[in-house]
Amino acid sequence: MMDKRKKINISHVITYVVLIVAAFVFLFPFYFMFVSATNSNADILSAAPKLFFGTHLSENLKNLNERLDLGRILLNSGILTVTYTVLAMLIHAMSGYAMAKYEFKGKGIIFGIIMLTMMIPGQVMYVPLFKLMNNIGWANTYQAVILPGLAGAFGMFLMRQNMLSFPTSLIEAARIDGYGEFAIFIKVVMPSMKPALGAMGIYMFMSMWNNFMWPLIILGTKSMYNFPVALSMLEGVAWRKDYGVIMLATVFAVLPILIIFLVFQKQFVAGVMGGAVKE
């Protein structure tokens, strides 16, 4: 009995040691990024880089604001990301609900076509989308960045799989009580889909906040750039790079995603697992 307990304790210790080492390996780059954002360029490039917080944060912030117009860039990214996330969650939830709970001709074919679009690389759409946005006068606008990606196959699939587990009897009972279809969707179905909505919201937030290629193509002026595009403009000739400023800009780019994920991580896990139902 004692030998068995010792084996269990040893296995627990080994497990925790491995997890601690893995956590250190994964978290150290983030720690070094935050530390470097407070140090000068000379400290970062020294033979023995500083691993503790420095005193150059205000100077790096001032230089970053002079080179990027930080307030405007954050405003652009905020407007693009929040608007896209809210609209995408609503559209994907409605389409997933329709695919899961309504019966109509060709539903299986339509869903199959939607799934097939996941095999098409998004890059092949850049040229026709660019021509379309130019023709309708939407080049260099917020809507040109937001609208093309609002209805994606992944979001529809995720919400459909979660909607399949919702009891149809509750929907029928709400209809008998006199609820309209939209009221049923908003008041009956959506409150039960919070984990799935949380998971999809994190995914949509991250995809738009990190969106680089399409905004780079369609946005033509610096005043309209989002953060990834503006961050790429900080790079120049190697000997002129200020790595303290670059690291601080990277902190601004990464911090919102870390906060959103830490706040909604339970919903993210529950939402992804909730989509593992079988028809």
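By convention here, each chain's residues receive numbers from 1 onward along its written sequence. Where totals are concerned, whole chains, interfaces and linings use all residues; where local detail is concerned, this predicted model gives features only for residues with pLDDT of at least 70, and gives and counts side-chain atom pairs only at 80 or more. Water and hydrogen atoms play no part in the side-chain values, which are based on all heavy atoms of the structure.

**Structural notes on the side chain of threonine 38**
Item 1. Structurally, threonine 38 is set in the loop between helix 1 (2–36) and helix 2 (41–45).
Item 2. There is a polar contact of 2.7 Å between the side chain of threonine 38 and the backbone oxygen of valine 35.
Item 3. For this analysis, residues touch if any pair of their heavy atoms sits within 4.5 Å. In contact with threonine 38, not counting residues within four places along its chain, are Phe53, Gly54, Thr55, His56, Leu57 and Asn60. Secondary structure elements are taken from DSSP: a helix is a run of H or I of four residues or more, a strand is a run of E of two residues or more, and numbering for both begins at the N terminus. Any pair of nitrogen or oxygen atoms within 3.5 Å is treated as a polar contact; in protein, a donor-acceptor pairing is required on top of that, and neighbouring residues in sequence qualify only through side-chain atoms on both sides.

**Observations concerning the nonpolar core**
Generally speaking, soluble globular proteins have nonpolar side chains that are buried together.
Item 1. Nonpolar core, defined: a set of buried Ala, Val, Leu, Ile, Met, Phe, Trp, Tyr and Cys residues in which side-chain atoms within 4.5 Å join the residues together. Summary of the burial criterion: residues with accessible area below 20% of their type's maximum are buried, those above 50% are exposed, and those between are partly exposed, where the area comes from a 1.4 Å probe applied to protein chains only. Counting residues in hydrophobic clusters, the biggest one holds 51 residues, and the most contacted among them are Leu64, Met159, Met163 and Val189.
Item 2. Counting residues per element, this core draws most heavily on helix 4 (residues 70–101), at eight residues.
Item 3. Not counting residues within four places of it along the chain, the set of residues in contact with methionine 163 comprises Ala93, Gly96, Tyr97, Ala100, Lys101, Phe185, Val189 and Met193.
Item 4. One finds Met99, Phe111, Ile114 and Ala153 within the second-largest nonpolar core, a separate group that totals five residues.

**Remarks on unusual backbone geometry**
Negative phi characterises most residues that are not glycine, and trans characterises most peptide bonds.
Item 1. The backbone of aspartate 69 sits at a positive phi, close to 55 degrees, despite the residue not being glycine.
Item 2. Along the chain, the position of aspartate 69 falls in the loop between helix 3 (57–68) and helix 4.
Item 3. Relative accessible area serves as the criterion here: at 44%, aspartate 69 is assigned to the partly exposed category.
Item 4. If you check the backbone angles, asparagine 140 has positive phi at about 65 degrees while not being a glycine.
Item 5. Among the structural elements, asparagine 140 can be located in the loop between helix 6 (126–135) and helix 7 (142–146).

**A closer look at the packing of aromatic side chains**
Item 1. For Phe, Tyr and Trp, rings pair up if their centres lie within 6.5 Å, where Trp contributes its six-membered ring, and each pair is then called stacked (planes under 30 degrees apart), edge-to-face (over 60) or tilted (otherwise). Within the structure shown, the criterion is met by twelve aromatic pairs.
Item 2. Taking the centre distance of 6.3 Å and the plane angle of 25 degrees together, the rings of phenylalanine 28 and phenylalanine 32 count as stacked. Placement of the pair is phenylalanine 28 and phenylalanine 32 together in helix 1, with a separation of four residues, close to one helical turn.
Item 3. Ring geometry for tryptophan 209 against phenylalanine 227: centres 6.4 Å apart, planes inclined by 20 degrees, an arrangement best described as stacked. One end of the pair, tryptophan 209, is in helix 11 (residues 194–209); the other, phenylalanine 227, is in helix 13 (residues 227–232), and 18 residues separate them in sequence.

**Regarding helix 6**
Item 1. Taken together, the buried positions of helix 6 are Tyr126, Leu129 and Met133. Seen from one end, helix 6 has its buried residues packed into an arc of 65 degrees, which puts them on one side. Turned more than 90 degrees away from the buried face of helix 6 sit Val127, Lys131 and Asn135, all of them exposed.
Item 2. On its buried face, helix 6 sits against helix 7 and helix 12 (213–218). In this context, the arc is that of the directions from the helix axis out to the C-beta atoms.

**Topic: the environment of threonine 168**
Item 1. Take threonine 168: it is sitting in helix 9 (residues 168–176).
Item 2. Overall, threonine 168 belongs to the partly exposed group, its relative accessible area being 38%.
Item 3. Sequence spacing of threonine 168 and valine 189 is 21 residues, and the spatial spacing of their C-alpha atoms is 9.9 Å.

**So, the side chain of serine 95**
Item 1. Topologically, serine 95 is positioned in helix 4.
Item 2. Within the structure, serine 95 has its side chain in polar contact with the backbone oxygen of histidine 92 (distance 3.0 Å).

**Structural notes on the pattern of salt bridges**
Item 1. What counts as a salt bridge is simple: a side-chain nitrogen of Lys or Arg found within 4 Å of a carboxyl oxygen of Asp or Glu. Counted under the stated rule, the structure contains three salt bridges.
Item 2. In this structure, lysine 107 and glutamate 103 form a salt bridge, with 3.3 Å as the shortest nitrogen-oxygen distance.
Item 3. Accessibility expressed as a relative area gives 15% for lysine 107, which makes it buried.
Item 4. Among the ionic pairs, glutamate 181 bridges to arginine 175, the shortest N-O distance being 2.9 Å.

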